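# Analysis of the macromolecular model
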Amino acid sequence: MGFNCGIVGLPNVGKSTLFNALTQTATAEAANFPFCTIEPNTGRVGVPDNRLEKIAAISASANVVPTYLEFVDIAGLVRGASRGEGLGNQFLANIREVDAIIHVLRCFEDENVTHVDGDIDPVRDAETVETELMLADMESLEKRIEPLTKRVRGQDKEAAATLQLVEQALMHLRDGKPLRLMGLAEGDGKGMRMLQALTAKPVLYVCNVGEDEVANGNSWTKRISAMAIEQGASSVIISAKIEEEVAQLSDGAERAEFLDALNLSETGLAGVVRAGYGLLDLVTFFTSGPKETRAWTVKRSVKAPQAAGAIHTDFERGFIKAETIDYETFVEFGGEQAAKDSGKMRQEGKDYVVQDGDILLFRFNV
């Protein structure tokens, strides 16, 4: 099961620099001109999780495999993208394919890096992108009304429900509100996903600041934080330049020393990846043994058979039970066998909802 986040924003806000640092590659050309990223670059990034190494150490595992998120670097958007301006059509097509949006906002001054609007105002920039996405959603939904109406006349009940949802969504958009803020009745969320609405996707605002402001932010980041809270979204502060420098350091001790000199406990990217993980409402479970300790990603509230299916479809098809130890118990008792001997391993069935941090051993028969 793959999950991906699209990195979006206006030109020259630091998207490609962030992407390069995230993936520790130079596959995305970072340059001081719009549209330098023409085709969306994609990179898989391991999700930082201190639990993984601890579990692996207890199990004396030969290999350690993190869970991954996929990041997509998407071309910069400009006003009029919803009408095809710049690379608008391509931008909108690319963003429809991602599960969540990482919206990079420029919160730094640099006379050597141009801004498409001539001055720095990240709230305005966020509104520019949001407006284009809302306009694109309105156009897409309006095109659906006539064919849905014809189907409703033919007594198509599914079309009637979809038409009602489309009309509600259009009213919300015309009020100037993105669809992720639309209170949906239970079951409507699936319908909205089928509509592929751009503004229904969850958003994380990434405030790209100067190197001397990464610890405490600035007046712009405070405004973005307030805006995110009002929208029920979240925001993080990074310096893409610092992350780019850290990515060049291959030695862990050297990285730690570099971050310590900046009064940082971890890279900003670690926070971005974790926030992206939370944005998608994901949880991690683990499998562990002498050969390998591996982290796996599933949606929150998923049940044990579906979690087993993330490993292999046969596991889900022939699911019998899941032998389960929570992370804290696994560490406290020093591994699977000791936890099992102490009666701390649970036998969970098909209705068990997997919890973040579970160490699972699936029993199945095909």
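Residues numbered from 1 in each chain as written. Predicted model: local features only at pLDDT ≥ 70, side-chain atom pairs only at ≥ 80, totals over all residues. Heavy atoms only, no water.

Despite not being glycine, N12 has its phi angle at roughly 65 degrees, a positive value. Take N12: it is sitting in the loop between β1 (4–8) and α1 (15–23). (Helix = DSSP H or I, 4+ residues; strand = E, 2+ residues; numbered from the N terminus.)

Before going further, it helps to spend a moment on the pairing of strand β8 (residues 282–288). Buried residues dominate β8, accounting for seven of its seven residues. Of the two faces of β8, the one holding L282, T284, F286 and S288 and the one holding V283, F285 and T287 are both buried throughout. For β8 and strand β9 (residues 292–299), the ladder comprises seven bridges, and the chain directions are antiparallel. Considered in β9, the bridge of S288 is made with T293. Connecting the antiparallel pair β8 and β9 is a turn made up of three residues. (Buried < 20%, exposed > 50% of the residue type's maximum accessible area, 1.4 Å probe, protein only. Pairing = 2+ DSSP bridges.)

Here we come to the side chain of T287. As for its placement among the helices and strands, T287 is situated in strand β8. When its relative accessible area of 16% is taken as the criterion, T287 is described as buried. For T287, the side chain forms a polar contact with the side chain of W296, separated by 2.9 Å. Those residues in contact with T287 that sit more than four places away from it in its chain are E292, T293, R294, W296, I311 and L360. (Polar contact = N/O pair within 3.5 Å; in protein donor to acceptor, adjacent residues only side chain to side chain. Contact = heavy atoms within 4.5 Å.)

The strands making up a sheet associate through hydrogen bonds between their backbones, and the pairing can be parallel or antiparallel. Strand order in the open sheet formed by six strands is β2-β4-β1-β5-β6-β7, and the pairing between neighbours is mixed. Either end of the sheet is taken by a strand with one partner, and the two such strands are β2 (41–46) and β7 (234–238). Within the sheet, the average angular offset between the axes of one strand and its neighbour, ignoring direction, is 25 degrees. In terms of strand pairing, β1 meets strand β4 (residues 68–73) through four bridges, oriented parallel. (Axes fitted to C-alpha atoms, helices over the stretch in contact; angles between N-to-C directions.)

What is shown is where atoms sit, not what they do.
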